[in-house]
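Notes for the structure review
So you can see what is in the structure, the chains are spelled out below.
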Amino acid sequence: MSLDQTPYFDYDDDEKESEGKEMGFLDHLEELRWHLIRAAGAIVFFMIFAFIYIEEIYENVILGPSKTDFWTYRMLCKLGEIVHSPGLCVEKLQFSLMSREVSGQFVMAFTSAAIIGLVFAFPYVFWEIWRFVKPGLKPTESKSARGAVFYVTLLFFSGVFFGYYIVSPMAINFLVNFQISKSIENQFDIGSYISLLATLTLACGIAFQLPVAIFVLTKIGVIGPQFMRTYRKHAIVVILVVAAVITPSPDVTSQILVAIPLYILYEVSIFISAREEKRKLAEEKLAL
């Protein structure tokens, strides 16, 4: 699997302009500054768009996992019927959300819009970073990194959707229904809820970058497919522990639902590492 530019962007014009002239340190800083400014502009654009429709976004998206009719909870109920495990069905969420500060709702609206802006602008932000990095790569490195923007974006949004639809609802269901005493009511500040939802969702988006990280580590010789195969059993244990941590529910089924995609990512990473190692060996033979 190669990592490179997506077919939607063409850098030929940029490369032709910079071809044949060497840039100084200050020139590189100036170029980086403009890349960062454009990336920040994209984030602000989506942030403003999200702020305009923040009420609809809160009602239908952000507060979705707090309602029993959320898609994930309905699917868990159907799964519970199939496997004859009624405990999977989420019938109640015993908590209420509150804003305990005068500016609480405005701050949360602004913060949520910023997070949404960052998520939706991620492909463009990474593209700008890639445009800055790519000219410094060797032709062979640039060729082997084809599709970088596409694959990084695909993995990021896959992780975000996984975190939003799988990990977050399971964590919220367990935490809000956990009680040490029936006399204690669960009344959470909206900031705490947003923090949990954003942390789990973005953490999964980052965790799904494992294949890309393994590709880079293999390329620089830090890790290889044989190492990952040797420690596969250890990795499975780690994955199960991670699944248990991010899904506090004692239900084994929910932990397995989280662990399976993580294990698939690990196997995909082994495949990518093996292909990159094979390509490196082929290049070394040609160089001899």
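Since we're looking at a predicted model, the values are computed, not measured. (Residues numbered from 1 in each chain as written. Predicted model: local features only at pLDDT ≥ 70, side-chain atom pairs only at ≥ 80, totals over all residues. Heavy atoms only, no water.)

1. A closer look at the overall build of the protein chain
- Within the protein chain, the regular secondary structure consists of 12 helices and two strands.
- Reading the protein chain from its N end, one meets helices and strands in the order α-α-α-α-β-α-α-α-β-α-α-α-α-α.
- Among the 288 residues that make up the protein chain, the fraction classed as buried is 37%.
- In the protein chain, of all internal contacts separated by at least 6 residues, the share reaching a separation of at least 24 is 84%. (Helix = DSSP H or I, 4+ residues; strand = E, 2+ residues; numbered from the N terminus. Buried < 20%, exposed > 50% of the residue type's maximum accessible area, 1.4 Å probe, protein only. Contact = heavy atoms within 4.5 Å.)

2. Things to note about a nonpolar patch on the surface
- A surface patch of nonpolar side chains, amounting to about 510 Å² of accessible area, comprises V44, I48, F49, I52 and Y53.
- Here F49 lies in helix α2 (residues 25-52).
- Given a relative accessible area of 49%, F49 falls into the partly exposed group. (Patch = residues over 30% accessible without salt bridge, like charges linked within 9 Å, V, L, I, M, F, W, Y side chains within 5 Å. Areas by Shrake-Rupley, 256 points an atom, 1.4 Å probe, with all protein chains shown as cover. Salt bridge = Lys/Arg side-chain N within 4 Å of Asp/Glu carboxyl O.)

3. A closer look at the packing of α2 against helix α5 (residues 104-133)
- α5 packs onto α2 with a crossing angle of 140° between their chain directions and a minimal axis gap of 7 Å. With respect to α5, the element α2 is oriented oblique. In this structure, the crossing between α2 and α5 has a hand that is right-handed. (Axes fitted to C-alpha atoms, helices over the stretch in contact; angles between N-to-C directions. Parallel < 35°, antiparallel > 145°, perpendicular 65-115°, else oblique. Left-handed = near helix turned anticlockwise from the far one by under 90°.)

4. Here we look at helix α8 (residues 190-207)
- In this model α8 runs 26 Å from its N-terminal to its C-terminal C-alpha over 18 residues, within 8% of the 26 Å that 1.5 Å per residue would give.
- Where α8 is concerned, the buried positions are I190, G191, Y193, I194, L197, A198, L200, T201, C204 and G205.
- If you follow the buried residues of α8, they end up packed against α3 (54-62), β1 (96-98), α5, α7 (148-177) and β2 (187-189).
- Two or three places before G191, at the opening of α8, D189 has a side-chain oxygen 2.9 Å from that residue's backbone nitrogen. (Expected span 1.5 Å × (residues − 1). Polar contact = N/O pair within 3.5 Å; in protein donor to acceptor, adjacent residues only side chain to side chain.)

5. Digging into the nonpolar core
- By size, the foremost hydrophobic cluster in this structure holds 56 residues, and its most contacted members are Y58, I62, I190, Y193, I194 and V258.
- Excluding its chain neighbours within four sequence positions, the residues that come into contact with I194 are Y58, I62, M108 and S112. (Core = buried A, V, L, I, M, F, W, Y, C linked by side-chain atoms within 4.5 Å.)

6. Regarding the confidence of the model for the protein chain
- Summarising the model, the protein chain shows a mean pLDDT of 84, and 89% of its residues fall at 70 or more.
- Per-element averaging of pLDDT across the protein chain places helix α1 (residues 12-18) at the bottom with 46 and α3 at the top with 94.
- In this model residues 4-20 is a low-confidence stretch, pLDDT under 50, and it forms 28 contacts with partners more than four residues away in sequence or in other chains. (pLDDT = per-residue confidence, 0-100.)

7. Examining the state of the cysteines
- One pass over the structure, following the stated rule, counts one disulfide.
- Residue pairing for C77: its cysteine sulfur links by disulfide to C89, the two sulfurs lying 1.9 Å apart. Taking the sign of the S-S torsion, 75° for the link of C77 and C89, the bridge is right-handed. With C77 in helix α4 (residues 71-82) and C89 in the loop between α4 and β1, this pair connects stretches of sequence that are 12 residues apart. (Disulfide = S-S within 2.5 Å.)

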